[in-house]
Each structure stands twice: as structure tokens, then as C-alpha cells.
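Letter by letter, the chains look like this.
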Amino acid sequence: MKLNRTSFSAAAVLLASVALPGISHATVTVLGWPGGSEETALRATVEAYNAQSGIADADKVELLFFNRDGFFDKLQADMAAGSDAFDVNLVATYSIGRYAPYMEPVDLGADASKVFGESVLKTMQFDGKQYGVPTDLSLHFMYYRKDLVDALMQDDAAKKKYAEIAKEHLGKDLQPKDPDSWTWDDWAATTLYFSKQVNSESPVRYGTVLQMKNLLFNMMVFQSLPRSYGADWTDKDGNVAVDSDAYKTGLELYKKLYDAGASPKDSLSYEYAETNAAFGSGQAATALQWNAAAADLTNTEKTPAVAAVTGIVAPPAGPNGRADHIHGLGLGLNKNAKNKEGAVKFLKWLATEEAALLYAQSGGSPALAPDVAAKVAKERPDLVKLGEFASQYGYVMNGATSANALSVYELQAKEFTGYWAGQQSLEDALAHTKAGMQDLLKK
Amino acid sequence: MAIVNRAEGRAYLTPLVGFLLFFLGFPAAVNLIYSISTVSFETLRRPSLSGFGNYAAVLADREFWGAVSFSMRFGVLTALAECLIGLFLAVFLTPLLAKRSYLMAPLMLPLMVAPAMIGLMYRLVLHEFAGPVPYYLFEWFGDSPAFLDVNNAFRTLLVVEILQWTPFAFLLFYMAYAAIPLEVREAASLDGASALKALWWIELPLMLPTLVIAFFIRFIDGFRVFDNVYALTGSGAGGSTTSLSIYIYQAFFKGGAIGKAVAASVVLFLASLAVLYGLNWITGRGRR
């Protein structure tokens, strides 16, 4: 009996010593964006915040992450239920309309605009109120293999083969070009040239890696292609315009490349991680991917096969020039937060230059004002490109900040992947998408 | 003689019945109300009754029937395969396990992994560039099938499910097989029955209730599959791998069609109830 009591006491003390510090020290709970560079950067930044001498134990920050897949669904359920499990939650440009009713605006102070600039702060605004600190700006880079493209440009026989492939598959007379001046046709011809199934002499297995899984984020990656042909969700009168020639062109080009074997056969199940793995393996010549991947794909330790030969340019151009989908991720205040004071204190700190630079140095992708970005330009050259591409090519589709924007992306994902997989015709896919979007955008 | 009288029995049962009524009855009642209401996330606490429109919408939705078809095929095929393989393993491994019982632990290992983790694991294992399976197929044969493309996804999902859950069927059959009295086998042997005849005419009939229950449990699990399918393919290109659970999840969260999603779940509940009664009838017939 005595032994039992002693054992129980010892176990209780052990459990208390393990559990209590975590409970008592972390009383501002932050629900962040799981996986990828955003999580890494947030962890490092929070660690620095908690280590500051002026932070009371009661205001220290603890992080919470769901799964990336289905994140916004879980967040919606939690917020609608009035959850106080987190004080600060993730918010994105395309989801502010959906979550604003469950959040409180925050005053980030006058200096925030000096750190980020007014236009970037606006990515976290709804009805003229600031709902969050912009932590990451997301857009897309065209990653390509410099070594392969350089070799192509210097080899006359290869150029001839390239021209033959372009003529046969795209019906156009094309010659290899510098990636920074690619049109979508140039990119398509290049991807076909570098695909074993089209050109058995290709040094790599695939010309590109298309992200075609039935996933809303993949639609954000795709839509810059039709956008450069003039696509929008609605026209100037508010009519859904997804059945435009621009969308048809984009959808058909993806299908053509997939059917020709320019992208892995499994592409219909690919998203962010699979694309990185494919490009990082050295078996794909190009990849249109989120800017968040730049830090990994150009890091020789993380991606030794291609880091040294990976080039980055903006997405190719269409008849309407270049277009690059843009949105901001950020952190805002839950209306039901248990520790609002501590949460606001953390959010205000996150909007300072010190925190933004720390976040950038830790792998995040904050959109910084030019003079602030200059301070990390050496370690993070991609952030310079980020600002440059965002200002020159960034766009937001009409309706893409509405309360049902996420549902529109979901709908497009389902219908478009159905077309790419050969399960339905292009006309059916566009008709279903149009009918669904009309319903979603009028709500 | 009764161990407890009727009044005592009621007194003992009241807490359990109360518990069930509160924790199962209350959500069921709320769901029934939602299924005949117009409701959104903002109006969860004040739904407005609107009749049976949600049920009509569900039953008229071709995607609902697509999901029913997927779930039915998936449930039947996985349950059949798991039971057949589990039975085969139980019959042929029982002598070995009688001598080396420690081998049971590794056989049960797949059951220890959460289905969602199995899905994530196979996403890596089958990835053309990161996965070992395609790697070795390329090394040995110069090519590898695309395990998750639209033509192969269903078969891949079946294999993943079967690999994870066959040990469960095996465990049930092993226990049932081991429980058959030795005298029965000896008597059959003395009468000159071969091992195959004894299995077919004596052992399998004795194991029949276990076989039916195992098939039913595995069918239900397969029919309502969610985690590993969602982790591996989402809902598939164009919704090609949408199970009924995924359909309900997407209607609820992604479409915001809460009434329709709940109506679909009520339809699923009623269908399950019909299957339960069917099973009850089969096993009851066996006893008679």
C-alpha cells in the first residue's frame, strides 16, 4: 500500500512537472498556418518573442497547428462554434470575408505602414478595418533549370528539335528563349522538349510538374495562366465569366501537356509537397510553384540535386502580359480570445520592423517596404523578387475576396480536375463551374 | 429464478438509458431538425424549418449517387478481400502461431497506425520521385504505374485499405478457428475426412457467425471510409474517389450546405439501420 501511494505521488509530481509549465507559461495561443516555411518562420519568431525580458509569463505565446489539408474547414467550424481554444488565428486575403464576423479588428500602430506599406496592409483589411498582421505574401514563381535551358540555347541540333516539337504539338514556329521572356507557348514548348515521352533524348524525365490535385490552392496556381489571356471571375457587369476563351485556353494547355506526358502521370494527385519533391529530385525542367518554396529549392543542403542550378522568373506572359496570383496570409484576433490583451500585444510586436525582419530571416515571406526589404536582401533575394513581381504582375480576381471565395476555388478544383482527368468535357466542366459560381457569388 | 427483480432491473438500467438518450438522442434530434431546415454556420442556433427540400436535393444529386456507388464498391470489395485473406492466414498460420505466439504482434502492427497517417505514409511511399515503390519499379522494369492517377486510384485505395485492415479480420478468424474443439477435428479425421473437407464441411460452418460479423464490420468500415482516401487523393480528380463520408464532409464544410449534408447523413443512417436488421435476421436464422 505504501509503495502504491509513493508510486502515485511520484507519478503525480512527474506529470505536474511536465504539464504545468506548458500551461502556465503559454497563455496566448496562436493558430498558425501549418507546414512549409510559414510554420518554420512563425516558430522561430515566437521563440524570440517569448525570450524577451519584458514579456510576462502570462503573455507568452504557444503555437497550435492543424493539418494543412482542410485547415479552413476546421477553422470555420471552430470559429462558428465560438471556440476560445486560440487567441490569435490565421487569416488570408481570400478568407477575410468568411472569418471577419468571428474576429475583432486590431490597431497595429502607425509604424506598421512603414514596415509593410499601405498596399500590403490592405491585404488584411475588410470593410476598411484592419483584421490582421500580414505575415506572408503569397504568389507564384516559375522555377526552371538554368543548366538545362542554357544547354538548349547553345546547341543548334537541340534548337532544331525544339522547333520541330513546337510545330508538331503546338502548331507554332517557336525557338528557345530566355525564361524571363517566355510566353506560355514558349514554356509549353520547353516542357514538351524536356519530356522523355515526347523527346527520348531529354536529360530529365519531365518538362514540368503540374499541380492538378482536386485542391483549392492548386486553382490559385493555375489561374495565372488564363488571367494572362484576360480571364476574370466576373465581367464588369458582375456576370460570371469563367466560360471565357481565356479559361478555355488555359485549361486546354494544361490538359495537352498532361496528356502528352510533360508532367508526371501522378500529377492529378500532386500539390505543394509533391511538386517540390518532383522538381527537387532533378527530374523536372520547370515548375510553377508558390514563392514559399524558393528558400528550400535554392538551398543546397535541403535540395542538393538542383539548388545550385535553379532559376526563378515570374510566370510566363500571355497576350495581356504577365499575371501572378497574389494574396496575403496573416494573423488576427479571435473575437472569443481568452487573453485579448496579451494577443494584441503580440500582434503589435509582430508588426514591428524587428519582428518582420526576424520572420524573413527565419524563412517566412513577408512583403516588406523596399527600405526594410533591403536589410535582408542578401540572405533573402527571393523577397526582392516577391516585391517586384507583386507590384508588377500581382492581381486578385473579381470576387476573390468575397465570403464564398474559398468555395469558388473548391468548385473550380473539382470541375477542372475532372476535365484534366478526362472524366468530363471542357464544355461540361465550364458549364458546371459557371452555374456553381453564379450561386456562390450571389450569396 | 431471476437474479434481480423487474424494479431493480429498471433502477440499474435507468442511468445507462439516460446517458444514451442524452448523448445520442440529443444530437440525433438536432440533426433531424437541421435536415429539414435552412441553416448556415451563422444560424446554427436558430435554424428555420423548411420541409423535406434537403432530402429531395440529396436524392436528386448525381454526386450523392456517385458517392454511394464508390462507398458500396469500396465497402464490399475491401470486406471480401480482407475476410478471404484473413481466413487464409488464420487457417494456415494457426499451427505456427501456436508455437510462436510472439509473431502475432508484428502481424497486428498495421492496426496501430491511424488511417490518416496511413494515407500520408502511402502518399510518400507511392510518390514517383520520393517513394521507394516507384523507385524500385523503375530500377527493375524501367517504368512504374502512376498509382494515384485517375485510372489506378481506386485500386490503390483498395490495396491500402486491405493492407491495413486484413489483420483485424485475421485476428477474429484466428480466435474463432482456435476455439473449435479438438475433439471435433479428431472425430472428422477418424472418419476419414481430408483437411480440406474438414475445413469446408465442419470448421467453416462453425466459424460462420464470426465470418458474418467480420464481413459486416469490415463492410461498414469500408463503406464509411474517409481518412486515408482523403489524405491520399482528396476527393479524387473530378470527385472520382468521393466516398459518402467525404461527400457529407464537403457538403457541410466546403459547400456550407449544412441541411443537405445532415440530410445525407440521415439517409446513410437509415441505410445502415436496414443493413443491421438484415444482419440480425441472418444471424437469428442461423441460431434457429
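Preceding this paragraph is the structure being described.
In what follows, the accompanying structure is described.

The rules we used
Residues numbered from 1 in each chain as written. Chains lettered and ligands numbered in written order. Predicted model: local features only at pLDDT ≥ 70, side-chain atom pairs only at ≥ 80, totals over all residues. Heavy atoms only, no water. Helix = DSSP H or I, 4+ residues; strand = E, 2+ residues; numbered from the N terminus. Rg over C-alpha atoms; globule rule 2.2 N^0.38 Å. Buried < 20%, exposed > 50% of the residue type's maximum accessible area, 1.4 Å probe, protein only. Contact = heavy atoms within 4.5 Å. Areas by Shrake-Rupley, 256 points an atom, 1.4 Å probe, with all protein chains shown as cover. Lys, Arg positive; Asp, Glu negative; His and termini not counted. Charge placed at Lys NZ, Arg CZ, Asp CG, Glu CD. Axes fitted to C-alpha atoms, helices over the stretch in contact; angles between N-to-C directions. Parallel < 35°, antiparallel > 145°, perpendicular 65-115°, else oblique. Left-handed = near helix turned anticlockwise from the far one by under 90°. Pairing = 2+ DSSP bridges.

### Some words on the overall build of chain B
Then comes step 1: In terms of helices and strands, chain B carries 12 helices and two strands.
Then comes step 2: Counting helices and strands in the order they occur from the N terminus, chain B gives α-β-β-α-α-α-α-α-α-α-α-α-α-α.
Then comes step 3: Its C-alpha atoms give chain B a radius of gyration of 24 Å, clearly above 19 Å, the size a compact globule of 288 residues would have.
Then comes step 4: For chain B, with 288 residues in total, the buried portion stands at 40%.
Then comes step 5: Put simply, of all contacts in chain B between residues at least 6 apart along the chain, 64% involve residues at least 24 apart.
Then comes step 6: In the form shown here, chain B has an accessible surface area of approximately 16400 Å², with 72% of it arising from carbon and sulfur atoms.
Then comes step 7: Chain B carries 19 positive and 16 negative side-chain charges, and their two centres are separated by 9 Å.

### Some points on unusual backbone geometry
Residue and element names in this part refer to chain A.
Then comes step 1: Its identity is not glycine, yet D127 carries a phi of approximately 55°, on the positive side.
Then comes step 2: Tracing the chain through its elements places D127 in the loop between β5 (125-126) and β6 (129-130).
Then comes step 3: According to the relative accessible area criterion, D127 is exposed, its value standing at 67%.

### Comments concerning the packing of helix α3 (residues 62-99) of chain B against helix α7 (residues 153-178) of chain B
Residues and elements named next belong to chain B.
Then comes step 1: Look at α3 against α7: their axes get within 6 Å of each other, and the N-to-C directions meet at 45°. Our classification of the angle between α3 and α7 gives oblique. In the packing of α3 onto α7, the handedness of the crossing is right-handed.

### Concerning the environment of L273 of chain B
Residue and element names in this part refer to chain B.
Then comes step 1: Structurally, L273 can be placed in helix α12 (residues 258-287).
Then comes step 2: On the accessibility criterion, L273 (31% relative accessible area) is partly exposed.
Then comes step 3: Taking the C-alpha atoms as reference, L273 lies 28 Å from R45; in sequence the two are 228 residues apart.

### Re helix α9 (residues 184-193) of chain A
Then comes step 1: Burial of α9 of chain A is extensive: 10 of the 10 residues sit out of reach of the surface.
Then comes step 2: When α9 of chain A is considered as a whole, its buried residues turn out to be W184, D185, D186, W187, A188, A189, T190, T191, L192 and Y193 of chain A.

### Quick look at the pairing of strand β7 (residues 133-138) of chain A
Residue and element names in this part refer to chain A.
Then comes step 1: Burial within β7 is extensive, with six of its six residues counted as buried.
Then comes step 2: Judged from the five bridges that link them, β7 and strand β14 (residues 327-334) form a sheet pairing that is antiparallel. From the neighbouring strand, D136 faces β14, where its bridge partner is L329.

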